[in-house]
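These are the residues of each chain, in order.
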Amino acid sequence: MRAHIYAFLCAGLGVLAFKLLQLPLPWLLGPIFACLIAALLGVPMRGVKVINEAMRSILGVAVGATFSLALLVSMGAMWPTLLLIPVMTTCIGLVGVFYFQRLWGFDFATSYYSAMPGGLQDMLIFGEEAGGNVRTLALIHATRVLVIVVTLPFLLAWVWDADLSNPPGAPAASIALSQLGWMIFCGLVGWQLAKRMGMFGASILGPLLLAALLSLTGILHHRPPSEAIWAAQFFIGMSVGCKYAGVTMAEIRKDVTAGLGFCILLLLLAMIFAEGIHLAGLAPALETVLAFAPGGQAELTVLALIVGADMAFVVAHHVLRIFIVILGAPLFARLFRPKPDDATL
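Treat the numbers as computed from the prediction; the structure is a model and nothing was measured.

## Examining the pattern of salt bridges
Here comes step 1: Scanning the model with the defined rule gives two salt bridges in all.
Here comes step 2: For Arg56, the salt bridge is made with Glu299, and the minimal N-O distance between the two is 3.9 Å. Pair noted here: Arg56 is in helix α3 (residues 49-64) and Glu299 is in helix α15 (residues 297-307), with a separation of 243 residues, a long-range link.
Here comes step 3: Two residues, Arg135 and Glu251, come together in a salt bridge whose shortest N-O distance is 3.0 Å.

Given below as structure tokens:
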């Protein structure tokens with residue numbers, strides 16, 4: 001219980017500090033930095049899993065509420081860039097396994113599942129089953145999400161002049177109670193139905209699909225209010241920072257540093273793909289960067305909402321990436337795992 005209280009206090013102080021210093025995205029980056037610093041100082045912290053998942057359902061409703069018939073028709077034109085997602089995922093895997101195995105001396109299972117840009121929990125489960133180091137995997141994937149989420153807002157503002165001060169939605173007081181009720185219905189029912197069906201990313205994709213259905217049928221007319229999106233940012237930021245709780249100096253020197261180096265490679269790959277797609281005229285630069293950045297789905301959904309990007313484009317590419325990684329990672333790990341007598345092990 002004390003660890004939960006410390007996490008809330010640190011995250012709240014982070015928001016306050018970012019607001020006082022007028023720094024961008026105080027509800028997202030403030031909790032990330034405050035909880036990260038507290039974790040490095042040895043403060044015991046822990047997020048609340050149920051609340052974190054509930055906050056992700058808000059993002060699912062926010063995305064689903066943007067769907068319209070015109071938007072669905074436009075999704076048919078995405079196939080050229082969607083076909084590049086498996087290409088980029090393969091490049092990340094090849095570069096990542098070489099990087100972690102040869103430069104840092106990790107075993108194959110740890111190297112492979114550290115390189116896969118999928119969901120944190122899924123990669124930890126697959127990696128543990130394959131005999132990888134779960135603590136190393138957790139720190140590397142937490143570092144991947146942290147660096148990309150922290151770096152992207154500044155790149156978006158500096159390179160593409162994105163406005164990070166946009167309110168993520170209308171105030172709650174301006175939305176009819178019936179609409180707020182439908183949003184809560186989509187979030188809770190969509191999440192639980194998807195969870196019972198065993199859908200990956202159930203807390204986001206279930207509410208997304210149900211909200212999209214109600215939006216297309218004319219029942220849902222609004223995205224969740226700005227207060228709900230800020231709450232989602234707060235808990236997502238706190239969750240990212242808290243993943244470093246209990247980290248040791250030895251882990252920082254090896255695991256976190258290895259993760260930081262890999263993030264540089266990931267950002268370079270993402271920028272190369274994004275620039276090539278933009279130069280080929282396949283998609284706008286801003287949407288392409290958000291769609292191909294190998295960060296967390298929830299975190300990048302938040303950024304896309306704030307900068308007013310094409311939500312369908314961004315979410316479709318991330319869902320495909322996660323789908324490919326979750327279904328393909330165990331299969332390719334078995335196919336390409338070196339034999340026991342291989343000297344490279």
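Alright, that's what it looks like, and here's the rest.
## Points about empty space enclosed by the protein
Here comes step 1: A complete count under the given rule lists one cavity of 30 Å³ or more for this structure.
Here comes step 2: Considered as a void within the structure, the largest cavity measures approximately 40 Å³ in volume.
Here comes step 3: If you go around the largest cavity, the residues you meet are Leu152, Leu267, Ala270, Met271, Ala274, Val289, Phe292 and Ala293.
Here comes step 4: The residue inventory of the lining of the largest cavity, partitioned by class, reads eight nonpolar, no polar and no charged.

## Here we look at the layout of surface pockets
Here comes step 1: By volume, the largest pocket amounts to about 1200 Å³.
Here comes step 2: Lining the largest pocket are 42 residues, and of these Glu53, Arg56, Leu120, Gln121 and Lys243 lie nearest its centre.
Here comes step 3: The greatest single-element share of the lining of the largest pocket, amounting to six residues, is contributed by helix α9 (residues 134-160).
Here comes step 4: Split by residue class, the lining of the largest pocket holds 19 nonpolar, twelve polar and eleven charged.
Here comes step 5: Within this model, the second largest pocket holds a volume of roughly 360 Å³.
Here comes step 6: Along its surface, the second largest pocket is lined by 15 residues, and Thr90, Gly93, Tyr112, Met116 and Phe332 are the ones closest to its centre.
Here comes step 7: Counting residues per element, the ones that place at least two in the lining of the second largest pocket are α6 (84-104), α7 (108-115) and α16 (311-336).
Here comes step 8: In terms of residue class, the lining of the second largest pocket is built from eleven nonpolar, four polar and no charged.

## As for the side chain of Ser57
Here comes step 1: Structurally, the position occupied by Ser57 is in helix α3.
Here comes step 2: On the basis of relative accessible area, Ser57 is assigned to the buried category, the value being 6%.

## Re α6
Here comes step 1: Compared with the 30 Å implied by 1.5 Å per residue over 21 residues, the 29 Å span of α6 between its first and last C-alpha is a close match.
Here comes step 2: Taken together, the buried positions of α6 are Ile85, Met88, Thr89, Ile92, Gly93, Gly96, Val97, Tyr99, Phe100 and Gln101.
Here comes step 3: Phi turns positive one or two residues past the end of α6, at Gly105, with a value near 75°.

## As for the packing of α7 against α9
Here comes step 1: Between α7 and α9, the shortest axis-to-axis distance is 9 Å and the interhelical angle comes to 25°. Considering the angle they form, α7 stands roughly parallel to α9. Classified by chirality, the crossing of α9 by α7 is right-handed. Mapping the contact onto sequence places Thr110, Tyr113 and Ser114 in α7 and Thr136, Leu137, Ile140 and His141 in α9.

About the thresholds
Residues numbered from 1 in each chain as written. Predicted model: local features only at pLDDT ≥ 70, side-chain atom pairs only at ≥ 80, totals over all residues. Heavy atoms only, no water. Salt bridge = Lys/Arg side-chain N within 4 Å of Asp/Glu carboxyl O. Helix = DSSP H or I, 4+ residues; strand = E, 2+ residues; numbered from the N terminus. 1 Å grid on protein atoms, 1.4 Å probe; cavity = no way out; pocket = protein on both sides within 12 Å on 5 of 7 lines; lining within 4 Å. Points joined across faces, edges and corners; volume = space filled by probe spheres on them. Nonpolar A, V, L, I, M, F, W, Y, C, P; charged D, E, K, R; others polar. Buried < 20%, exposed > 50% of the residue type's maximum accessible area, 1.4 Å probe, protein only. Expected span 1.5 Å × (residues − 1). Axes fitted to C-alpha atoms, helices over the stretch in contact; angles between N-to-C directions. Parallel < 35°, antiparallel > 145°, perpendicular 65-115°, else oblique. Left-handed = near helix turned anticlockwise from the far one by under 90°. Contact = heavy atoms within 4.5 Å.

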